[in-house]
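Spelled out from the first residue to the last, the chains are:
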Amino acid sequence: MARLGDPAKGSRIATASVAAIRALGLEVVPDPKDYDPGHAEIRDGTASLSSHAVRKELAKLFQFLPSA
């Protein structure tokens, strides 16, 4: 968080399982970055991120981690 966000400005970290994201019909694709080798992208699969309903269900999967 210290590297990419500012908790004082509202930045938070959330998590969701890859299996749950894929169950929505979306793809999770590794996209390593120099600053984050575990980075991944969520992309269209059999479902489309342009769908409001899909985005709403995706948002429900994420749970915020406790603040430090």
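Draft legend 1. Spotlight on the overall build of the protein. Counting its regular elements, the protein contains 2 helices and 4 strands. Secondary structure of the protein in N-to-C order comes out as β-α-β-β-α-β. C-alpha extents for the protein along the principal axes are approximately 35 × 25 × 20 Å. Looking at the protein residue by residue over its 68 residues, the buried ones come to 12%. Relative to all contacts within the protein whose residues are 6 or more apart in sequence, the contacts with residues 24 or more apart total 38%. Surface exposure of the protein reaches about 5,200 Å², of which carbon and sulfur atoms provide 56%. Once the 9 positive and 8 negative side-chain charges of the protein are each reduced to a mean point, those two points are 7 Å apart.

Draft legend 2. Summary view of the packing of aromatic side chains. This structure, assessed with the given rule, holds 0 aromatic pairs. Positioned over the ring face of Phe64 is Arg12, at 4.1 Å from the centre of the ring.

Draft legend 3. A look at the nonpolar core. Ile21, Leu26, Val28, Ala47, Val54 and Leu58 together form the largest nonpolar core, which totals 6 residues. Look past the residues within four positions of Val28 in its chain and what remains in contact with it is Val18, Ile21, Arg22, Ala40 and Glu41.

Draft legend 4. Representation of the side chain of Asp31 within the structure. Mapped onto the secondary structure, Asp31 falls in the loop between strand E2 (26-30) and strand E3 (40-44). Among residues more than four places away in sequence, those in contact with Asp31 are His39, Ala40 and Glu41.

Draft legend 5. Focus on the environment of Ala8. As for its position among the elements, Ala8 is in the segment before strand E1 (14-15). Each C-alpha atom of the pair Ala8 and Leu26 lies 32 Å from the other, and the pair is 18 residues apart in sequence.

Draft legend 6. Geometry of the environment of Phe64. The residue Phe64 is located in strand E4 (residues 63-64) in this model. Accessibility expressed as a relative area gives 53% for Phe64, which makes it exposed. Once the C-alpha coordinates of Phe64 and Ala47 are considered, the two residues, 17 residues apart in sequence, prove to be 24 Å apart. If near-sequence neighbours (up to four positions away) are discounted, Phe64 is found in contact with Arg12, Ile13 and Ala14.

Draft legend 7. Quick peek at the environment of Leu4. Take Leu4: it is sitting in the segment before E1. Here the alpha-carbon distance between Leu4 and Lys33, two residues 29 residues apart in the chain, equals 13 Å.

The rules behind the values
- Each residue is numbered by its place in its chain's sequence as written, counting from 1.
- Owing to the predicted nature of the model, reporting of local features is limited to residues with pLDDT of at least 70; listing and counting of side-chain atom pairs is limited to 80 or more, with chain, interface and lining totals taken over all residues.
- Hydrogen atoms and water are omitted, and side-chain values are computed over all heavy atoms in the structure.
- A run of DSSP states H or I qualifies as a helix once it reaches four residues; a run of E qualifies as a strand once it reaches two. Both are numbered from the N-terminal end.
- Categorising residues by exposure relies on relative accessible area from a 1.4 Å probe, with only protein chains included: less than 20% of the type maximum marks a residue as buried, more than 50% marks it as exposed, and the intermediate range marks it as partly exposed.
- When checking whether two residues touch, look at their non-hydrogen atoms; a contact exists if any pair is within 4.5 Å.
- Areas reported as accessible are Shrake-Rupley estimates using a 1.4 Å probe. Residue values count occlusion only from the protein chains shown.
- In this tally Asp and Glu are treated as negative and Lys and Arg as positive; neither His nor the chain ends contributes.
- For the purpose of locating charges, the reference atoms are NZ of Lys, CZ of Arg, CG of Asp and CD of Glu.
- For Phe, Tyr and Trp, rings pair up if their centres lie within 6.5 Å, where Trp contributes its six-membered ring, and each pair is then called stacked (planes under 30 degrees apart), edge-to-face (over 60) or tilted (otherwise).
- Two limits define a charge over a ring: the Lys NZ or Arg CZ must be within 6 Å of the ring centre, and within 35 degrees of the ring normal.
- In this description, a nonpolar core means a group of buried Ala, Val, Leu, Ile, Met, Phe, Trp, Tyr and Cys residues linked to one another through side-chain atoms lying within 4.5 Å.

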